[in-house]
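The lines below spell out each chain.
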Amino acid sequence: MKISNDSGSCPISALRGVHSHMGNKAELNQLEQHLLKGLQSEKVRLENLSPLSRLQTSDDADPNEILERYEQLVRNYHPKNYSRHNAIVSETAKDIVELLDEAKKSASKKWEDA
C-alpha cells in the first residue's frame, strides 16, 4: 500500500521504521500523519471486504495459501512495527491485524466445514 504526499507517494512499509522524536505527545509529526492516514485508509478498506478478500486470496484458495498470505500481511501490519510512533499509529495497526485475524478464522472455518 502506498500513501501520497506533496512530493509523490511511498509505501507504508518505508515509513514504519522512521522514529518519532515527539515521544508520546498527542500531536503527530507530518510523517506520522501520513502513516496514520494510510493505516486508517487500509483499515476502512479491509472492513468493507469479505474475509478472503481481506487476505487477497481467491475463494478457492487452499489452507496453505491462506496461511501464507495471512502471515505476510500480519508481518507488514504488526503493531510492533509501529511501536516507535505515536500510540494511535500502533493502535490502528493493531486494529488491522485484528481484521486479518477475523479473516483467517473465517477462512479456517470454511475449510473445516468442507
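Residues numbered from 1 in each chain as written. Predicted model: local features only at pLDDT ≥ 70, side-chain atom pairs only at ≥ 80, totals over all residues. Heavy atoms only, no water.

1. Here we look at unusual backbone geometry
A positive phi angle is found at Q56, which is not glycine, with a value near 55°. Position of Q56 relative to the elements: it lies in the loop between α3 (51-54) and α4 (63-77). (Helix = DSSP H or I, 4+ residues; strand = E, 2+ residues; numbered from the N terminus.)

2. Observations concerning the confidence of the model for the protein
For the protein, the mean per-residue pLDDT works out to 81, and 75% of the residues sit at or above 70. Taken element by element, the predicted model of the protein shows its lowest mean pLDDT in strand β1 (residues 2-5) (44) and its highest in helix α2 (residues 30-47) (95). Taken as a whole, residues 2-9 scores under 50 in pLDDT and shows 14 contacts with residues more than four places along the chain or in a different chain. Of the regions scoring below 50 in pLDDT, residues 17-25 engages in 11 contacts with residues more than four places distant in sequence or in other chains. (pLDDT = per-residue confidence, 0-100. Contact = heavy atoms within 4.5 Å.)

3. Brief notes about the environment of S106
The topology assignment puts S106 in helix α5 (residues 87-113). Along the primary structure S106 and L52 are separated by 54 residues, whereas in three dimensions their C-alpha atoms are 8.1 Å apart.

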